[in-house]
Protein chains: 2
Amino acid sequence: MNLLLLDPAQIDPDGRAQVAGPALVHVREVLGKDLGATLRVGVLGGRRGHAAVVASTREALELMCTFDEDSPPKRPVELVLALPRPPVLRRLLAHVTAMGVQRIVLCHSARVEKSYWGSPALHSAEIDAHVRLGLEQACDTIPPQVEIRMKLRPFVEDELASRLDARRLVADPTGGAACPCDVEGPLVIAVGPEGGWVPVELGLWAEAGFECVHLGPRILRVETALIAVLARLGVA
Amino acid sequence: MNLLLLDPAQIDPDGRAQVAGPALVHVREVLGKDLGATLRVGVLGGRRGHAAVVASTREALELMCTFDEDSPPKRPVELVLALPRPPVLRRLLAHVTAMGVQRIVLCHSARVEKSYWGSPALHSAEIDAHVRLGLEQACDTIPPQVEIRMKLRPFVEDELASRLDARRLVADPTGGAACPCDVEGPLVIAVGPEGGWVPVELGLWAEAGFECVHLGPRILRVETALIAVLARLGVA
């Protein structure tokens, strides 16, 4: 945690905030901060700044906060991700949030196991918790939108095919071109499941105007490939 | 597992190999392959190809293998990595092996907790197991060299400063230039611990001819940053 994220309701109009529970334990035991210390803070959905610990009891810390800085800029990047295994999803939400992706859409694909859709990892409280870890890592305060589309075809045909404002890429080992570097402007990037998109899905992406790009001859795990593609495109 | 890695001693001169234990369970239960099926195989340190399952008992599968293909090429890239937390080290060894790094040197740094050096994750059998996962993921057969240097200064001054053949980079949020894309030729890249290199270490890298590069204004976890840097440089 490089920044302590506070909820707006936690903060008084004069900038005072109480910190208790797991956040208190983290600040005290991991960051080693207590009365008199200062730390980086941010308001979820708002600005960021610094806080001084002005009171400390066994149950809570009182912070006096100043929010004088905007959150780091986000590139206009949307990620469409075939739903990964739940433990991988949890890690990826944090990685991708930290990298500054603006919108994440979790979608179905032929090689996604149906049982993943019933996982508690998709409950909004769990998604929010992992997004929050990513924000606190990157000193960001603005969460990405996270959405779910359980039917791939209508999502691609009705929502994505008309996104002519954005450069649209789909990552696949069969891709015709190497993944480009430092692409400017709005971007939609689709990343498939372990084992890749099936041919009918690749046809769907092509018809919707997505360029197919690859990362070389090695088959990478989704986790590696996703971070690699975003980094090459210049996200983060 | 996209390729089943066999030890040379497991394979008869005529290409027959017995598969038992955890590999058998994986082939049968995860890959769903048994008598009559074919699968991708490779010899650890050697070539790769295909195998047919020609016999199947409860305890073992017998494969008839043909090794007719070289392993995927590796870029001449060496990674110097400040020893991460043991669970992160395990994952990173697999990621980095899959990406095709040729040599990995785990080193000390002021922000590496001393206790990490006592972890079983550094035992050679554990390192080999995670390297193997990375090879089997990327259909590779040639493991990277993994080495350990517990003293950073003599390693940098005596071994790395004279590596004039290679472009030498050190990743740090304080870096003067954005991490470049698709760098050709031999490369040494140093990636620090969570929290980054301390100033005296950055001085050491600079004196040894390392260019300091950054990944933008966001603070990323070592796991994210390492994959991101390698992907930008064109490794994988």
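What you are looking at is a predicted structure, and each value in this text was computed from that prediction instead of being measured. (Residues numbered from 1 in each chain as written. Chains lettered and ligands numbered in written order. Predicted model: local features only at pLDDT ≥ 70, side-chain atom pairs only at ≥ 80, totals over all residues. Heavy atoms only, no water.)

Undergrad: I keep staring at unusual backbone geometry and nothing clicks. Help me out?
TA: Note on backbone geometry: most residues besides glycine have negative phi, and most peptide bonds are trans. Residue and element names in this part refer to chain A. Here Cys139, not a glycine, exhibits a phi torsion of approximately 55°, which is positive. Along the chain, the position of Cys139 falls in the loop between helix H3 (124-138) and strand E8 (145-149). One non-glycine residue with positive phi stands out, namely Asp182, at about 50°. By the element assignment, Asp182 lies in the loop between strand E10 (177-178) and strand E11 (187-191). (Helix = DSSP H or I, 4+ residues; strand = E, 2+ residues; numbered from the N terminus.)

Undergrad: It is not clear to me how the state of the cysteines should be interpreted in this structure. Could you clarify?
TA: Covalent bonding between the sulfur atoms of two cysteines is what defines a disulfide. Applying the stated rule across the entire model yields one disulfide over all chains. In this model, Cys181(A) is linked to Cys181(B) through a disulfide, with the two sulfur atoms separated by 2.2 Å. Looking down the S-S bond of the Cys181(A) and Cys181(B) bridge, the torsion is -85°, so its handedness is left-handed. With one member in each of two chains, Cys181(A) in the loop between E10 and E11 and Cys181(B) in the loop between strand E10 (177-178) and strand E11 (187-191) form a pair that bridges those chains. Among the residues examined, Cys181(A) registers a relative accessible area of 24% and is labelled partly exposed. Here Cys212(A) is not cross-linked by a disulfide; its sulfur's nearest cysteine counterpart is in Cys179(A), at 11 Å. Unpaired in this structure, Cys179(B) has its nearest cysteine sulfur neighbour in Cys181(B), at a distance of 7.1 Å. (Disulfide = S-S within 2.5 Å. Buried < 20%, exposed > 50% of the residue type's maximum accessible area, 1.4 Å probe, protein only.)

Undergrad: Quick question: what am I supposed to make of the nonpolar core here?
TA: Considering soluble globular proteins, one finds that nonpolar side chains tend to be buried as a cluster. By size, the foremost hydrophobic cluster in this structure holds 128 residues, and its most contacted members are Ile189(A), Trp205(A), Ile189(B) and Trp205(B). Not counting residues within four places of it along the chain, the set of residues in contact with Trp205(A) comprises Val80(A), Leu152(A), Val156(A), Leu160(A), Val170(A), Ala190(A), Trp197(A) and Phe210(A). (Core = buried A, V, L, I, M, F, W, Y, C linked by side-chain atoms within 4.5 Å. Contact = heavy atoms within 4.5 Å.)

Undergrad: What is the right way to look at the pairing of E11(A) in this model?
TA: Residues and elements named next belong to chain A. The buried fraction of E11 is high, at five of five residues. Going residue by residue along E11, you find Leu187, Ile189 and Val191 tucked away on one face and Val188 and Ala190 tucked away on the opposite face as well. In this structure, strand E9 (residues 167-171) lies alongside E11, joined through five bridges in parallel fashion. In the strand pairing of E11, Ala171 is matched with Val191. (Pairing = 2+ DSSP bridges.)

Undergrad: Whenever I open this one, the pairing of strand E5 (residues 61-69) of chain B confuses me. Can you help?
TA: When a strand is regular, its side chains alternate between the sheet's two faces. Residue and element names in this part refer to chain B. Judged from the four bridges that link them, strand E2 (residues 16-19) and E5 form a sheet pairing that is antiparallel. Bridge pairing in E5 places Ala17 opposite Leu63. As judged from the eight bridges shared by strand E4 (residues 48-56) and E5, these two strands associate in the antiparallel manner. Directly across from Ser56, in E5, lies its bridge partner Leu61.

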